[in-house]
Each structure stands twice: as C-alpha cells, then as structure tokens.
Amino acid sequence: MQAVCRAQANITSMLAPQANRVMELGEWEERWQDKRIGFHQPEVHKMLESNIDKVLASRTGVRFFFPLCGKAVDMKWLADQGHSVVGVEISEMAVKQFFEENNMTYSEEPVPAIPGAKVYKSSEKNISLYQCDLYSFSSSIGGQFGAIWDRGSLVAINPKDREKYAALIISLMAKDCRYLLDTLLYNPELYPGPPFFVPDEQVQSLFGKSCDIEQLQSVDALTDRHRGWGLDFLTENVHLITPKSV
C-alpha cells in the first residue's frame, strides 16, 4: 500500500507544472476557426501505419473509435481498408472539412440522446462523426469498439480530467479491443501544453488495473517546431492497451 501511495505521489509531483491547466471547449473551436491546427497531420500517422498489424491482430472489418478525431486522414485510410470508423469532435468545422477535403458526401442528423449534438455520416464509407462534447458520448450511443486510435486526445484533454477520460475509454472497449495510445514525454516546466506531458507511470495508473499495457515504440520526436516551444527533448511513446481476460 505504501508503495502505491509513493508511486501516486511521484506521478502527482511529475504532473504538478501542468496540473491546473485548462482549455475550454470554445478555445478548441477557436483554433479551428483561426486555422491554428498545427496538431493536424496531412498524412496517415506513421505510428498507426507501423503498428496497424498489431492493432488488427488478423481481424477484418474492425470498428475503430477516434476520440477528438479532428479531420484525421487516418479515418479514411482505415475505412478504405474495409473497417468502420466512429469519431467524436467538438468542432463542426473540423467534421465538415474532413468530408469535404476527402470528397465525400455526407448526411447530417441530430443525436436524440445528446441535446445539440449532430452525427455526420459518410454516404460512401462506413464513417460516422459525432459533433459533441466527448464526455457526452457513451457506449449506449455508439456501442463498443474493437480498436481505438488515440493520437492527440489523451494529450489534449485537461490534465485534471484524465481519470474521467480513462473511465470513458475503458467503457467503450469491447472484450477484444486493441487500444493504440500515443503519448508525449517532455519537461512540463518548459511548456504549458497542449499537447500535455503524459508519463508512462500515469498510463499505468489510469489503465493498468483493468488492462494489459505494452509499449510498442519510443522515438525521439523533437522538431524545430517543438524547439520553438522551448523544449530540449520530446519523446513519443506508443502503447498497446488491451482488456485483461477475466
């Protein structure tokens, strides 16, 4: 018990510089309006490409969940391979741009269970994007998923919300779910975020009780853009998280 308390105290200490940092939902919408979306990548993410076989594990027609999906091109890449995709995104602009930039027609309808929310569905591909607050989404609305690709989601949410976020993600995982999580390590005293610093120890504390966690990759991801933030190192880690078999 003492070891657990010490480990938790160590995590709290590591997270202290960013612990009270808060981004309101409106601020994310403003970033899309102002085109301040340096987090968007125009190509399929290399970490997804290089680890897709481990995520699929020989399965076909997998249901993928994309939390805080933005207009990630990874969604079309997976749908083109015959998988289905469900995403959640607060910015209506991001959702519409995804369909328009990929030359897809789409339908738009309200989500009765979430006041004010809409779901946008591709006419050609099996892609449904919910425009709403992530924490309004649940398995009763979208079902459970065989895979989750979390790039720019756990690292984007407010640090104080991580336990709530992990509980939601775990509730969305089917028994055979394979959750690919991308995290960033850097000195949080040098940059306020987002993207936020998420240490491996916290990944373990958030998911370790109910899931097995395997680190698949750890790479030096520092670029001139990150140096401009004042960072002197940036490590990108990719974890494969799977529900423990009962």
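Look above for the structure.
As a convention, each chain's residues are numbered from 1 in the sequence order in which they are written. In view of the model being predicted, local features appear only for residues whose pLDDT reaches at least 70, and side-chain atom pairs are presented and counted only at 80 or more, with totals across whole chains, interfaces and linings using the full set of residues. Values shown for side chains rest on all heavy atoms present in the structure; no hydrogens or waters enter the calculation.

## Re the overall build of the chain
Threshold: Per the convention used, a helix needs a DSSP run of H or I reaching at least four residues, while a strand needs a run of E reaching at least two, with both numbered from the N terminus. Throughout, radius of gyration means the C-alpha value; the globule benchmark is 2.2 Å times the number of residues raised to the power 0.38. Residue exposure (1.4 Å probe, protein chains only): buried if accessible area is under 20% of the type maximum, exposed if over 50%, otherwise partly exposed. It only takes one pair of heavy atoms within 4.5 Å for two residues to be counted as in contact. A positive count includes Lys and Arg, and a negative count includes Asp and Glu. His and the chain ends are not counted in either. In this description, the location of a charge corresponds to atom NZ of lysine, CZ of arginine, CG of aspartate or CD of glutamate.
If you tally the helices and strands in the chain, you get nine helices and nine strands. For the chain, the C-alpha radius of gyration of 18 Å lies close to 18 Å, the compact-globule estimate for 246 residues. Considered along the principal axes of its C-alpha atoms, the chain spans approximately 55 × 45 × 35 Å. Looking at the chain residue by residue over its 246 residues, the buried ones come to 49%. Contacts spanning at least 24 positions in sequence make up 68% of the contacts within the chain whose residues lie at least 6 apart. A distance of 3 Å separates the average location of the 25 positive side-chain charges in the chain from that of its 32 negative side-chain charges.

## What about the packing of aromatic side chains?
What describes a pair of aromatic rings is the distance from one ring centre to the other and the angle between the planes of the rings. Stated precisely, the cut-off is as follows: Think of it this way: a Phe, Tyr or Trp ring, Trp meaning its six-membered ring, pairs with another when their centres are within 6.5 Å, and the plane angle makes it stacked under 30 degrees, edge-to-face over 60, tilted otherwise. When the NZ atom of lysine or the CZ atom of arginine is within 6 Å of a ring's centre and also within 35 degrees of its normal, the charge is said to sit over that ring.
One pass over the full model with this rule turns up ten aromatic pairs. For the pair Tyr106 and Tyr120, a centre-to-centre distance of 5.8 Å together with 55° between the ring planes defines the contact as tilted. Linking Tyr106 in strand β3 (residues 106-110) with Tyr120 in strand β4 (residues 118-122), this pair joins segments that are 14 residues apart in sequence. Residue Tyr106 is classed as partly exposed on the basis of its relative accessible area, which comes to 27%. Of the aromatic side chains, those joined through ring pairs into one cluster are Phe65, Tyr130, Phe137 and Phe145. In this structure, Lys164 is placed above the aromatic ring of Tyr135, and the distance from its NZ or CZ to the ring centre is 4.1 Å.

## Side note on the pattern of salt bridges
The condition is simple: By convention in these notes, a salt bridge is any Lys or Arg side-chain nitrogen within 4 Å of a carboxyl oxygen on Asp or Glu.
Evaluation of the coordinates by the stated rule reveals ten salt bridges. Linking Glu101 and Lys71 is a salt bridge whose minimum nitrogen-to-oxygen distance equals 2.9 Å. On the criterion of sequence distance, the pair formed by Glu101 in helix α5 (residues 92-101) and Lys71 in the loop between β1 (63-66) and α4 (74-80) is long-range, its members being 30 residues apart. When its relative accessible area of 9% is taken as the criterion, Lys71 is described as buried. One salt bridge connects Lys125 with Asp80, and the closest N-O pair in it is separated by 2.7 Å.

## Digging into the side chain of Glu236
Where we set the bar: Whenever two N or O atoms come within 3.5 Å, that pair is a polar contact, provided that in protein one can donate a hydrogen and the other can accept it, and provided that, for residues adjacent in sequence, both atoms are side-chain atoms.
Looking at the secondary structure, you find Glu236 in strand β9 (residues 235-243). Here His45 takes part through its side chain, which lies 3.3 Å from a polar atom of the side chain of Glu236. Not counting residues up to four positions away in its chain, the partners in contact with Glu236 are His45, Met47, Asp182, Thr183, Leu184, Gln217, Ser218, Val219 and Ala221.

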